[in-house]
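The residues making up each chain are set out below.
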Amino acid sequence: GVGMLGVIACAMARVEGAAEIAVLDVDPARLEMAREFGADRLLTPEDLQQGVSIGDIGVAFDFSGQPSAMEAGLSLLGVGGTAVWIGATFPQPDLSLNAEQVVRKIMTIRGLHNYNQEDFIRAVEFMERYHSSFPFADLICGGFQLNEVEAAFERAHTSGVHRVGIELGDK
């Protein structure tokens, strides 16, 4: 799915010169958000089932942790492609993996759990540098004060917003 990390990855790929950014998600609203952050092509699982071709891709990021999405990403990789799995942090079913395809396509599969200090600093610097180029503010639903933390958590769980902001100072 294209959550907060996915749209930021779109923005970073756009700035770094990706030739084309294709995004796959089941939610039309998240796909449109990805477009605002630099995605060129918006696809649904149905598009893939209907045989829509996007060509061989070089890097497939998965932020959803869904085995079917990770398998789809692997199937789209071209020779020398890399799959980066970031969202699979909870127990889940095993993946179906074709070792012959991994070997013949010389694939790399990388897992990333959370981030390190250098990644965090780079992300903050990126957002500082490109804050006016992409709608980062749209990712955060703010307006909650520290004494409203329970309401903020409720909003986060029920509204589908990417992140809820809590102001630590007085208004």
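The structure reproduced in this document is the subject of the present report. (Residues numbered from 1 in each chain as written. Predicted model: local features only at pLDDT ≥ 70, side-chain atom pairs only at ≥ 80, totals over all residues. Heavy atoms only, no water.)

So, the nonpolar core
Buried together is how nonpolar side chains tend to be arranged in soluble globular proteins. Ranked by internal contacts, the top residues of the largest apolar core, which has 17 residues, are V7, I8, C10, V23, F37, F136 and L139. Put simply, the parts of the chain that give this core at least two residues each are α1 (4–15) and α2 (28–36). The dominant element in this core, judged by the number of residues it contributes, is α1, at six residues. Grouped together as the second largest cluster of nonpolar side chains are seven residues, M70, L74, L77 and M107 included. (Core = buried A, V, L, I, M, F, W, Y, C linked by side-chain atoms within 4.5 Å. Buried < 20%, exposed > 50% of the residue type's maximum accessible area, 1.4 Å probe, protein only. Helix = DSSP H or I, 4+ residues; strand = E, 2+ residues; numbered from the N terminus.)

Side note on a nonpolar patch on the surface
There is a patch of nonpolar side chains on the surface, built from Y115, F120, I121 and V124 and spanning about 390 Å² of accessible area. One can find F120 in helix α6 (residues 117–130). Overall, F120 belongs to the partly exposed group, its relative accessible area being 44%. (Patch = residues over 30% accessible without salt bridge, like charges linked within 9 Å, V, L, I, M, F, W, Y side chains within 5 Å. Areas by Shrake-Rupley, 256 points an atom, 1.4 Å probe, with all protein chains shown as cover. Salt bridge = Lys/Arg side-chain N within 4 Å of Asp/Glu carboxyl O.)

What to know about the sheet that holds strand β4 (residues 77–85)
With parallel pairing, three strands are arranged side by side in an open sheet as β3-β4-β5. The open sheet terminates on both sides in strands that have one partner only, identified here as β3 (57–62) and β5 (108–111). Between one strand and the next, the sheet's axes are offset by a mean angle of 15 degrees, whatever the strand orientation. As paired elements, β3 and β4 share five bridges and run parallel to each other. Residue pairing across strands places F61 opposite V84, the latter belonging to β4. Running over the sheet, helix α4 (residues 67–76) touches β3, β4 and β5 and is turned about 155 degrees from β4. (Pairing = 2+ DSSP bridges. Axes fitted to C-alpha atoms, helices over the stretch in contact; angles between N-to-C directions. Contact = heavy atoms within 4.5 Å.)

Concerning unusual backbone geometry
Unlike most non-glycine residues, I106 shows phi in positive territory, near 55 degrees. Summarising the element assignment, I106 is placed in the loop between α5 (99–104) and β5. By relative accessible area, which is 56% here, I106 ends up exposed.

Some words on the pattern of salt bridges
A complete count under the given rule lists six salt bridges for this structure. We note a salt bridge from R122 to E16, for which the minimum N-O separation is 3.7 Å. In this pair, R122 is assigned in helix α6 and E16 in the loop between α1 and β1 (22–24), connecting sequence segments 106 residues apart. Look at E16 and you get exposed, because its relative accessible area is 58%. The partner of R35 in a salt bridge is E32, and the shortest N-O contact between them spans 3.4 Å. Here R35 pairs with E32, and both are found in helix α2, just three residues apart, close to one helical turn. For R35, a relative accessible area of 41% translates into the label partly exposed. A single salt-bridge network, built from bridges that share partners, covers D25, D27 and R30.

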